[in-house]
Amino acid sequence: MNTNKYSTISLNRNPSKFLSIFAKNWAAFFLLILIVVFSFTGQRFFHLANFQNIVHLSTIYLLLSSAETFVIITGGIDLSVGFVMGLSSVLSATIMQRLYAANYSPVWSILIGCIITLIVCIIPGFISGVLITKYKVPPFIATLGVGGIANGITLLMCGGFPVAFLPPYLTEIGNGYLIYVLPGKAFSFFNRPEGIFGEEVKDLIRIIPNSFIFIFIILIILWHVLRNTRFGKHNYAIGGNMDASVRAGININKHLMTVYVLAAFLSGVAGVFNVFQTGIGNYTPFSAMYELLAIAGVIIGGASLMGGKGGIIGSVIGVILISVIENGLHLSGVDPFYRFIAVGLVLIIAVVIDQSFPDLL
Amino acid sequence: MEKMIIEKNGIRGFFMQLGNKWAIIFLLLEFTIFSFAIPGFFSFNGIQVLLINSPFILLLGLAETFVIISGGIDLSVGFIMGFASVVSAKLIAVFVELGINDLFSIIIGIIATLIIGTIPGLVNGILIGRLKVPAFIATFSMLGITHGISELLIEGSYAKNVPPLAGAIGNGSLINIVPGKTVSFFISPAVQRGEQLIEILPNMFVIPFIIIVVFAFILKRTKFGKHTYAIGGNVDAAIKAGINVKNHITKIYMLSSLFSTIAGILYMLRFVTGKADAGLVFLLDAIVAVVIGGASLYGGIGTVWKTLTGCFIILVLEMGLRMFGVPTFYKLIVVGIILIFAVLIDQFFPELIHKED
Amino acid sequence: MGYLLEVKNLTKRFGGLVAVDNVSMEVKEGEVVGLLGDNGAGKSTLIKMISGVYRPDGGKIFFEGKEVKIDSPIKALSIAIETLYQDLALAENLNVYSNIFLGREKLRKVLKFINVLDNNYMHEESKKILERLEIEIPSLRNRISMLSGGQRQAVAISRSIYWNAKLLIMDEPTAALGITEQKKVLDLINKLKSQGIGIIIISHQLYDVFSVSDRLVILRRGKKVGERNIKETNPDEIVSLIVGAEKVSEKIYPEDRN
């Protein structure tokens, strides 16, 4: 049911070369156009601080979309990413809080919180994987169920309230920048320069958020894995033709297990990162629709829900596109609810274009 | 008439037959356990409360049943419900302001909303049936779009100024008896102090129930229903057999949209207000109900009555947990477990009676 | 003209691929035409244009002397062109009689104005046609996913002949069948032929094709490369047309050497 089964009778086109190139990269073109438009209509849109802000706030979605990219390429789907993220956020915050309250040093509290959480977050992925491979539960249901359970456990842990009183330094790391410059006056790495107060703080130029470095490294690794390793190749193969992959000797079960565990792990990372970013642990309410937005990013980026297509770069473009739309509309003074409409429309365009030029890879 | 039953001997056969019907059994068990464990659960009032909360999941479940059997999915039902609650509330408020009397405002408002509410379904149908957009994406986009429009209409808050008559209908019951005095329908009569008012069958339940019975019949006994199954089973075969699949798909999603709209109108009547995300929670419940009931997400299999069973499993669970004083997030865990269990059981107890749905 | 079906210069492209290239052929009433060719030759695509699944990119179709635009399956069905597809086109989740009547369900009136499926009628009619064809299926009410491949093919064949076609297209009708059943199908084809029904048969079983066809049309890579009367040709010649004469060499016929 994730696929459109009604496409047996093909659309009959002979696209020109130029049109094909345009269609294949339409998201990137559209992104450029939007940036140009918003630069005029948005207040302070075309500004280093704003662009960095866009990337910074997109980090979570980038992580979730990367997770979904792997899963969707295999022809599956993971509806638990948002909830596992919530679980991870609350769990890590809770551990950090408890340890810190028990007089462990902030560094240890944070570190242990992260490590334990990341290990625990593998479990939902593992369970999804087992259900899907061994018990042949459709991924839609398996991940929905596991996600719901994860959400329930999360709410149990935090009782519906955010987890606060966390060790210090979290937000500094999460929201910090690599380079701080006060032109002509001060220059420092990682932390605000000493001796800058009051008015001068406003003029401080911040370059390269820590989150950017963090996400960049992760994305590069994931991109490399998907593009250049055997694991990545198998991912596409399974999505393209599962039967053929089985006959070629690929261990489907093991591979899919790994993929869903990876997705859960990345969701866990997103949750931990959320704690760094916001300074509190928070559960994922239904209305946040993280998984749907993550999937939207992947689809806009060129993946197909049927599997076999897509990639990290595309997903990144998809996520950034959505973020730019939100940010741009916001800065242009447009009602935030137009965002829902805009994303919905972009998604539809994405798919229609994809269907009209089906043979592009 | 012939019925082919692969007989298994004795006890094993008995259990396999049982396994097939696990949903009903589970529901009965669940209901029984809660009835014993909680005083007041199995009581006249208790059942009424259960029924008065039912329409949303019942209608959304009905919507998803048709859509899922046809091989698709509709993620927009929740927000179409919210959209309808907002639109109906606003329209009625506007009519009242224009001086039209309450009853007519309500009636015209509802009719107008019913018409407007099929538009998202029409769009979904065109996207999915004609433009070959995958159902997941199309309905997800529609979810966002209707959400956005709803919020824009009410500017972030609620839709207000709906006349209380609406609430009277929404919270009323089919049959109202003041013993010894009057019997009235749909709206409670004026009650003096000291008099007892017996309310039977909340309107909130009666309306969806009638709709469900009608459409269960349609799904099972008419050409439309048969074609829905065919498309879900093998869309190629349906096309080759001459079925106009594109039109049919459009109709299915319009139907789904219509049911969601009715749910939204009922919400407005019950709570005398419109809320954009009123239906958010029910989307998941609806899909889970359909799956628990035994439909296949791949299409072609399922029935309205099976979905009904699934709906009540969730409703009873919710009410039971609430009366137990258990926080609602346990519901998520339990529902998640039941969902997975439902799918696994289908594998361990393959259909013995192979009649088609 | 006298032809039941005449297609002229039919062409079909998928993207850059020309699946059917300017093919013309005719079928008379009561005539069986065998449509042959290797995989990818365009046979299935060609017949799908006649059955309405595909729309031609070029060419015309004439049926009973008049030009027709067959733009959908239902158009083809409405002018009495029935097709038995290679993949059978059956709905697994439905039972035998629902499949036979798919798209053409018989209705009856309930309460004077509600139209409801007439399951009894469809059940009885299906029973009759299956008996006529001497096909054994234990229960017509069970989903066809329970049937064997041969039984399913039998259901598909029953469907294609139940509706009194004038032109019957059969794509690999004997593929899933055992020897006895194959013979039954061939007998059936001969019987239909004698009733004046025009038949196009696609099959890889040359023996079958030779035993029922009157004429053969051979496609290779989308083009028609030959047309022969059955009496004026032999399997060897047909094979060479299918694979392309230049590919047939001494190696295949060792007895010709020296």
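Residues numbered from 1 in each chain as written. Chains lettered and ligands numbered in written order. Predicted model: local features only at pLDDT ≥ 70, side-chain atom pairs only at ≥ 80, totals over all residues.

1. What to know about the overall build of chain A
Scanning chain A from terminus to terminus reveals 15 helices and three strands. Looking at the 361 residues of chain A, the share that counts as buried comes to 48%. Once local pairs closer than 6 in sequence are excluded, the contacts in chain A between residues at least 24 apart make up 76%. (Helix = DSSP H or I, 4+ residues; strand = E, 2+ residues; numbered from the N terminus. Buried ≥ 20, exposed ≤ 12 C-beta atoms within 10 Å, placed from the backbone. Contact = placed C-beta atoms within 7 Å.)

2. A look at the interface of chain B and chain A
Contacts between chain B and chain A engage 49 residues on the former and 46 residues on the latter. Looking at the side of chain B that touches chain A, the elements with two or more residues in it are helix 6 (102-130), helix 7 (135-154), helix 11 (235-240), helix 12 (245-271), helix 13 (280-292) and helix 15 (329-348) of chain B. Per element, the largest residue contribution to the side of chain B that touches chain A is 14 residues, and it comes from helix 7 of chain B.

3. Considering the pairing of strand 3 (residues 32-37) of chain C
Regular strands place side chains that alternate from one sheet face to the opposite one. All names here are of chain C. When you tally the buried positions in strand 3, you get six out of six residues, the bulk of the element. On strand 3, burial covers both faces: Val32, Gly34 and Leu36 on one face and Val33, Leu35 and Gly37 on the other are all buried. Direction of pairing for strand 3 relative to strand 10 (residues 198-202): parallel, over a ladder of four bridges. Residue pairing across strands places glycine 34 opposite isoleucine 201, the latter belonging to strand 10. Across five bridges, the pairing between strand 3 and strand 11 (residues 215-220) is parallel. (Pairing = 2+ DSSP bridges.)

4. Here's the deal with the interface of chain B and chain C
The interface of chain B with chain C comprises 23 residues on the first partner and 26 residues on the second. Of all the elements in the fold, those that place two or more residues in the side of chain B that touches chain C are helix 10 (223-233) and helix 11 of chain B. Ranked by residues supplied to the side of chain B that touches chain C, first place goes to helix 10 of chain B with five residues. Among the residues forming the side of chain B that touches chain C, the class breakdown is eight nonpolar, six polar and nine charged. (Nonpolar A, V, L, I, M, F, W, Y, C, P; charged D, E, K, R; others polar.)

5. Structural notes on the nonpolar core
Membership of the largest hydrophobic core comes to 276 residues, with the highest contact counts inside it found for Ile299 and Leu347 of chain A together with Leu60, Met81, Val291 and Leu339 of chain B. Non-local contacts of leucine 339 of chain B, meaning those with residues more than four positions away in its chain, are made with Ile141, Leu144 and Gly145 of chain A together with Val288, Val291 and Ile292 of chain B. (Core = buried A, V, L, I, M, F, W, Y, C linked by C-beta atoms within 7 Å.)

6. With respect to helix 6 of chain B
The α-helix winds at 3.6 residues per turn, so residues separated by three or four positions along the chain end up facing the same way. Compared with an ideal rise of 1.5 Å per residue, which puts 29 residues at 42 Å, helix 6 of chain B spans 42 Å between its outermost C-alpha atoms and is within 8% of the ideal. One or two steps after helix 6 of chain B, the chain reaches lysine 132 of chain B, where phi turns positive at roughly 60°. (Expected span 1.5 Å × (residues − 1).)

7. A few points about the environment of tyrosine 290 of chain A
Residues and elements named next belong to chain A. Note that tyrosine 290 resides in helix 13 (residues 290-300). Tyrosine 290 sits in the buried class, given 23 other C-beta atoms within 10 Å. For the pair formed by tyrosine 290 and serine 80, sequence separation is 210 residues and the distance between their alpha carbons is 9.2 Å. Setting aside anything within four residues of it in sequence, one finds tyrosine 290 in contact with Leu64, Val81, Gly82, Met85 and Thr284.

8. What about the sheet that holds strand 6 (residues 81-84) of chain C?
All names here are of chain C. The strand order across the open sheet built from six strands is 6-9-10-3-11-12, with neighbouring strands paired in mixed fashion. Looking along the sheet, the strands with just one partner apiece sit at the ends: strand 6 and strand 12 (223-229). Going from strand to strand, the sheet's axes swing by 15° on average, the running direction of each strand aside. Running over the sheet, helix 5 (residues 149-162) touches strand 6 and strand 9 (167-171) and is turned about 175° from strand 6. (Axes fitted to C-alpha atoms, helices over the stretch in contact; angles between N-to-C directions.)

9. Comments concerning the packing of helix 4 (residues 81-101) of chain A against helix 12 (residues 252-278) of chain A
Residue and element names in this part refer to chain A. Close contact between helix 4 and helix 12 brings their axes to 7 Å; oriented N to C, the two are set at 50°. Classified by the interaxial angle, the pair formed by helix 4 and helix 12 is oblique. Both helix 4 and helix 12 take part in a crossing whose hand is right-handed. Here Val81, Val84, Met85, Gly86, Leu87, Ser88, Ser89, Ser92 and Ala93 of helix 4 come into contact with helix 12, specifically with Ala263, Ala264, Ser267, Gly268, Ala270, Gly271, Val272, Asn274 and Val275. Residue composition of the contact of helix 4 with helix 12, grouped by class: ten nonpolar, eight polar and no charged. (Parallel < 35°, antiparallel > 145°, perpendicular 65-115°, else oblique. Left-handed = near helix turned anticlockwise from the far one by under 90°.)

10. Concerning unusual backbone geometry
Residue and element names in this part refer to chain A. Unlike most non-glycine residues, lysine 136 shows phi in positive territory, near 55°. Mapped onto the elements, lysine 136 comes out in the loop between helix 5 (106-133) and helix 6 (139-158). With phi around 60°, phenylalanine 165 is a residue other than glycine that occupies positive phi space. Accessibility expressed as a C-beta count within 10 Å gives 11 for phenylalanine 165, which makes it exposed.

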